[in-house]
Protein chains: 2
Amino acid sequence: MPPPSEDRLLRWLAARRETAGLIGDDGAILPCRGPVVVTVDAQREDVHFPAGLDPALIARRLLAVNLSDLAAMGAWPVWAFLTLSAPRTFAHRKFFDSLLRAGAALGLTLAGGDLSSTPQVATTLTLIGRKEPGSRWLKRSGGTAGERLWIGGSLGESFVGRSLIERGARVERARSQPGRRVILPADLRLRGALARAAKRAVLRHLLPEPQLELGRWLARQRTGGAIDVSDGLGIDLHRLCRASGVGCDVAAPALPLPPLLGELLHRLGSRLGATDCALAGGEDYVLLFSLPSEVEPPRRYNCYPIGRLRRGRRLRLTDELGKKAILRPTGWDHLSISGGGW
Amino acid sequence: MPPPSEDRLLRWLAARRETAGLIGDDGAILPCRGPVVVTVDAQREDVHFPAGLDPALIARRLLAVNLSDLAAMGAWPVWAFLTLSAPRTFAHRKFFDSLLRAGAALGLTLAGGDLSSTPQVATTLTLIGRKEPGSRWLKRSGGTAGERLWIGGSLGESFVGRSLIERGARVERARSQPGRRVILPADLRLRGALARAAKRAVLRHLLPEPQLELGRWLARQRTGGAIDVSDGLGIDLHRLCRASGVGCDVAAPALPLPPLLGELLHRLGSRLGATDCALAGGEDYVLLFSLPSEVEPPRRYNCYPIGRLRRGRRLRLTDELGKKAILRPTGWDHLSISGGGW
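Here goes a summary of the coordinates provided. Bear in mind that the values here come from a model prediction, so they are computed numbers and not experimental data. (Residues numbered from 1 in each chain as written. Chains lettered and ligands numbered in written order. Predicted model: local features only at pLDDT ≥ 70, side-chain atom pairs only at ≥ 80, totals over all residues. Heavy atoms only, no water.)

## Observations regarding the overall build of chain A
Test applied: A run of H or I in DSSP becomes a helix once it reaches four residues, and a run of E becomes a strand once it reaches two; helices and strands are each numbered from the N terminus. It is over C-alpha atoms that the radius of gyration is taken, and the globule rule equals 2.2 Å times the number of residues to the power 0.38. The buried label applies to any residue whose accessible area, calculated with a 1.4 Å probe on protein chains only, is under 20% of its type's maximum; exposed applies above 50%, and partly exposed to all values in between. Working rule for contacts: check all heavy atoms of both residues, and any pair within 4.5 Å makes them a contact.
Counting secondary structure elements, chain A contains nine helices and 14 strands. Since a compact globule built from 342 residues should have a radius of gyration of about 20 Å, the 21 Å found for chain A is in line with a globular shape. Overall, chain A is about 75 × 55 × 35 Å in size when its C-alpha atoms are taken along their principal axes. For chain A, the residues scored as buried account for 62% of the 342 residues in total. If you take every contact in chain A between residues at least 6 apart in sequence, the share linking residues at least 24 apart comes to 83%.

Printed below as a string of structure tokens:
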């Protein structure tokens, strides 16, 4: 009787350098010598990613979404724990290979997990991270009235990518060159610059780039609050302000939008305009943070100032004409549809 | 616009004593000051528990299964991280209330997690534990040829409980007294002692009792290997022996069976006899461990000697008549159906 297929997979994993000899017992013993930060996030088929997505991409997205939480704490990943439920026919080794390679580039060790067999793919990752000596933990509560509000990248692009995938866009591994090729739904007839923007949006949605370096830089600053925009700028800004005990003024024209966002939304028949999409789209996985006026993040991080924290409880949005409105907590509600961590 | 329902649930959680102020950022900062052990396990509807099971019981089972892994490491739980995917109509607060209460009895803090909405219930728990000062970590590799093999409780009962549930057994909260009432499938016509044994089996399956105290006692002993029997004695014994680099002799008549196990299997129309069920049933969540001949676990832990570790690689089973056979790695294979951790 051969060993069960799970044991064969686990031996293959245990022999990999990226598991550092930690797999093989009922738990993994970790040599912690100071405070750590822990975060956990799930990725589920038909909720976070489409059925049939390349297992290598599922693994990369799972890791990226979790790393974004560590970035928002100013931390760096050290150990990972995985649960994976998937059909028996799932390409487990392809999934693990992708996860281990992407993690190894950051010095991450896969230290344990749990496997099971289910009709749909569902996977969770627990990450344990550390901060650099001498730096602080970033927190939502770190904001102070008067600080400038910044965003670590453009907003709304992931929402468009998700909408395109729901309309049939998919990703193929390119045959002749490295990288991936995005196939857009033919009925949308996207051409030229619009097609290029659409392809970028699909990849941005599937493979967000966690801002670990930016988080590390922020953790070296003396003050400022931070959160990652996973559920939508509106809702995450409310969380930051609430934790910091402040309100804010945000200038709608200052919100960084990717090229042709409005046109793509129009072609997709979305009810959202570009600004609403930036506020409510979610899954942007960029950092939202505050800094004293005299401090600016280095140019290489491509951050944009979008407003200012202020005293009180009100969150206000100023439009192109200077008209002020209440900034609402728009975005994903995890109990109606799924999103990030807590 | 009211805050999203997720934020309302998280505020309720954050205000609970059992979350110790750790919920509210993108990650939880834990004051580790020495090595910790980490384990993660999933519980999924229709794989690990039946659809419609009381949310309070799902939470208790999730916790128990994870605690059993810590018990097998000789550790005690300190922090927990949860992921929960469930329908919007799921009784989230009932689930959390049950989890927090059961955890609080052990000094466990719920430090973070991730919520999402899916048609079926799927939940994972990551536990971080510590060992007592001066004790060792229990490991699968701790066994030595010549040591006696022990099991921390009876085998096969959980399998019968699972089979009864598949045949329609269910649990109701008793109205007039504390505790739970098991309703057996009427067509099996179980009466008297057989009905009582069947009800115990259903509760044993749904609410295993992790052997934390026994694990802690074992961790204070000088030597010996340990694993928790989650996938089946056969498969888990192979894992213990492989990690320890030994073989073993097990006496089939010494395997502790619950009363009327064979009769219940017969009534259920199972192809398994009592001994095969004890070897392959799985989800027993008792500790399998080895100790030098001169050391015996205290009587209060109700442990049974079942054989001995020996040199070499062979695992042998001796039957009632003294006939020896190969002991096969029988039990659940997580890649064909789900089970414990790695």
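## Some words on the sheet that holds strand β5 (residues 122–130) of chain B
Each strand in a sheet pairs with another by means of backbone hydrogen bonds, the pair being arranged parallel or else antiparallel. Applied cut-off: At least two DSSP bridges between two strands are needed for those strands to be called paired. Only the stretch in contact is used when a helix axis is fitted, and all axes are lines through C-alpha atoms; the angle between N-to-C directions ranges over 0 to 180 degrees.
Reading across from one edge, β1(A)-β2(B)-β5(B)-β3(B)-β4(B) is the order of the five strands in this open sheet, with mixed pairing throughout. A single partner strand is all that each edge strand has here, and the edge strands are β1 (28–30) of chain A together with β4 (109–117) of chain B. This sheet shows a mean twist of 20° between the axes of neighbouring strands, independent of strand direction. Across eight bridges, the pairing between strand β3 (residues 76–86) of chain B and β4 of chain B is parallel.

## Some details on a positive patch on the surface
In plain terms, the rule: Only residues above 30% relative accessible area that lack a salt bridge enter a patch, with like-charged residues linked at up to 9 Å and the nonpolar side chains Val, Leu, Ile, Met, Phe, Trp and Tyr linked at up to 5 Å. With residues, only the protein chains shown are counted as cover, and all accessible areas are computed by Shrake-Rupley using a 1.4 Å probe. For this analysis, a salt bridge means a side-chain nitrogen from Lys or Arg found within 4 Å of a carboxyl oxygen belonging to Asp or Glu. Only four residue types enter the tally: Lys and Arg on the positive side, Asp and Glu on the negative side; His and the chain ends are excluded. Throughout, a charge is located at the NZ atom of Lys, the CZ atom of Arg, the CG atom of Asp or the CD atom of Glu.
A contiguous patch of positive charge on the surface is contributed by Arg-8, Arg-11 and Arg-93 of chain A together with Arg-242 and Arg-313 of chain B. Structurally, Arg-242 of chain B is set in helix α7 (residues 233–244). Overall, Arg-242 of chain B belongs to the partly exposed group, its relative accessible area being 49%.

## Digging into unusual backbone geometry
Residue and element names in this part refer to chain B. If you check the backbone angles, Leu-260 has positive phi at about 65° while not being a glycine. Tracing the chain through its elements places Leu-260 in the loop between β10 (247–251) and α8 (261–267). Phi is positive for Asn-302, which is not a glycine, with a value near 50°. If you trace the backbone, Asn-302 turns up in the loop between β11 (287–291) and β12 (304–310).

## Some thoughts on the interface of chain A and chain B
With 76 residues of chain A in contact, the opposing surface of chain B contributes 76 residues. Where chain A meets chain B, there are six salt bridges. Put simply, Arg-140 of chain B and Asp-26 of chain A hold a salt bridge, and the shortest N to O gap is 2.8 Å. The element best represented in the side of chain A that touches chain B is strand β2 (residues 36–44) of chain A, accounting for eight residues. Two strands pair when backbone bridges link them, and β2 of chain A and strand β1 (residues 28–30) of chain B are joined in this way by three bridges, in the antiparallel orientation. The residue of β1 of chain B that forms the bridge with Val-37 of chain A is Ile-29 of chain B.

## Describing helix α7 (residues 233–244) of chain A
Residues and elements named next belong to chain A. Rule in force here: By this rule the span expected of a helix is its residue count minus one, scaled by 1.5 Å.
In this model α7 runs 16 Å from its N-terminal to its C-terminal C-alpha over twelve residues, within 8% of the 16 Å that 1.5 Å per residue would give. Most of α7 is tucked away: nine of the twelve residues are buried. Taken residue by residue, α7 has Leu-233, Gly-234, Ile-235, Asp-236, Leu-237, Arg-239, Leu-240, Cys-241 and Ser-244 as its buried positions. Gly-245 occupies a position one or two residues after α7 and carries a positive phi of about 70°.

## Focus: the pattern of salt bridges
Residues and elements named next belong to chain B. Tallied over the full model, the rule gives 50 salt bridges over all chains. One salt bridge connects Arg-162 with Glu-166, and the closest N-O pair in it is separated by 3.4 Å. Remark: Glu-166 and Arg-162 occur in helix α4 (residues 157–166); sequence separation between them is four residues, near one turn of the helix. Residue class for Arg-162 comes out buried when judged on its relative accessible area of 12%.

## A few points about the relation of the copies chain A and chain B
Just so we agree on the cut-off: To line up the copies, we fit them by least squares on C-alpha atoms, keeping just the residues with pLDDT of at least 70 in both.
Turning chain A through 180° and shifting it by 0.0 Å along the axis lays it on chain B, with an RMSD of 0.0 Å. Taken together, the rotation and translation relating the two chain copies correspond to the operation of a two-fold axis. Residue Arg-33 of chain A, judged by its C-alpha, is the member of chain A lying nearest the rotation axis, at 2.6 Å. Same-surface contact between copies: 100% of interface residues of chain A are shared with the interface of chain B.

## Examining the packing of helix α2 (residues 55–72) of chain B against helix α3 (residues 92–104) of chain B
Residues and elements named next belong to chain B. In plain terms, the rule: Roughly parallel covers angles under 35 degrees, roughly antiparallel covers those over 145, roughly perpendicular covers 65 to 115, and oblique covers all other angles. By convention, the crossing between two helices is left-handed when the near helix turns anticlockwise from the far helix through less than a right angle, and right-handed when the turn is clockwise. Nonpolar residues are Ala, Val, Leu, Ile, Met, Phe, Trp, Tyr, Cys and Pro. Charged residues are Asp, Glu, Lys and Arg, and all others, Gly as well, are polar.
It is the contact of α2 with α3, at a shortest axis distance of 7 Å, that shows an interaxial angle of 40°. One element, α2, and the other, α3, form an angle in the oblique class. Regarding α2 and α3, the two cross each other, and that crossing is right-handed. Here Pro-55, Ala-56, Ile-58, Ala-59, Arg-60, Leu-62 and Leu-63 of α2 come into contact with α3, specifically with Lys-94, Phe-95, Ser-98, Leu-99, Ala-102 and Gly-103. A breakdown of the residues in the contact of α2 with α3 according to their chemical character gives nine nonpolar, two polar and two charged.

## Section: the pairing of β2 of chain A
Remember that side chains alternate between the two faces of the sheet whenever the strand is regular. For β2 of chain A, a buried count of nine out of nine residues is recorded, marking the element as mostly surrounded by other parts of the structure. With burial as the criterion, each face of β2 of chain A is covered, one bearing Val-36, Val-38, Val-40, Ala-42 and Arg-44 of chain A and the other bearing Val-37, Thr-39, Asp-41 and Gln-43 of chain A.

## Considering the state of the cysteines
What counts here: Cysteine sulfurs are considered disulfide-paired once they come within 2.5 Å of each other.
Under the definition given, this model contains zero disulfides over all chains. Note on Cys-241 of chain A: no disulfide assigned, nearest cysteine sulfur contributed by Cys-248 of chain A at a separation of 3.9 Å. Take Cys-241 of chain A: its relative accessible area is 1%, and that puts it in the buried class. A disulfide-free cysteine, Cys-32 of chain B has its sulfur positioned 4.2 Å from the sulfur of Cys-32 of chain A, the nearest such atom.

## Quick word on helix α5 (residues 192–206) of chain A
All names here are of chain A. A rise of 1.5 Å per residue sets the reference length of α5, with its 15 residues, at 21 Å; its end C-alpha atoms lie 22 Å apart and thus fit the reference within 8%. Among the residues of α5, Leu-194, Ala-195, Ala-197, Ala-198, Ala-201, Val-202, Arg-204, His-205 and Leu-206 are the ones counted as buried. If you follow the buried residues of α5, they end up packed against α2 (55–72), α4 (157–166), β7 (170–173), β8 (180–183) and α8 (261–267).

## Examining the sheet that holds β1 of chain B
Within the open sheet, the five strands sit side by side as β4(A)-β3(A)-β5(A)-β2(A)-β1(B). Their pairing is mixed. Of all strands in the sheet, those with a lone pairing partner are β4 (109–117) of chain A together with β1 of chain B, marking the two edges. This sheet shows a mean twist of 20° between the axes of neighbouring strands, independent of strand direction.

## Topic: the packing of aromatic side chains
The line we're drawing: Note on aromatic pairs: the rings of Phe, Tyr and Trp (six-membered ring only in Trp) are paired at centre separations within 6.5 Å, and the planes decide the class, stacked below 30 degrees, edge-to-face beyond 60, tilted for the rest. By definition here, charges over rings are those cases where NZ of Lys or CZ of Arg is within 6 Å of the ring centre and within 35 degrees of the ring normal.
This structure, assessed with the given rule, holds eight aromatic pairs over all chains. When the ring of Phe-95 of chain A is compared with that of Phe-96 of chain A, the centres are 5.5 Å apart and the planes differ by 90°; the resulting orientation is edge-to-face. We note that Phe-95 of chain A, like Phe-96 of chain A, is buried. Taking the centre distance of 6.5 Å and the plane angle of 55° together, the rings of Trp-217 of chain B and Tyr-301 of chain B count as tilted. A residue pair is termed long-range when its members are at least 10 positions apart, and Trp-217 of chain B in helix α6 (residues 212–219) and Tyr-301 of chain B in the loop between β11 and β12 qualify at 84 residues. Judged by relative accessible area, which is 11%, Tyr-301 of chain B ranks as buried. By way of ring pairs, the aromatic residues Phe-90, Phe-95 and Phe-96 of chain A are connected into one cluster. Note that Lys-131 of chain A overlies the ring of Trp-137 of chain A, its terminal NZ or CZ placed 5.7 Å from the centroid. One cation-aromatic arrangement involves Arg-216 of chain B over Trp-76 of chain B; the distance from NZ or CZ to the ring centre is 3.8 Å.

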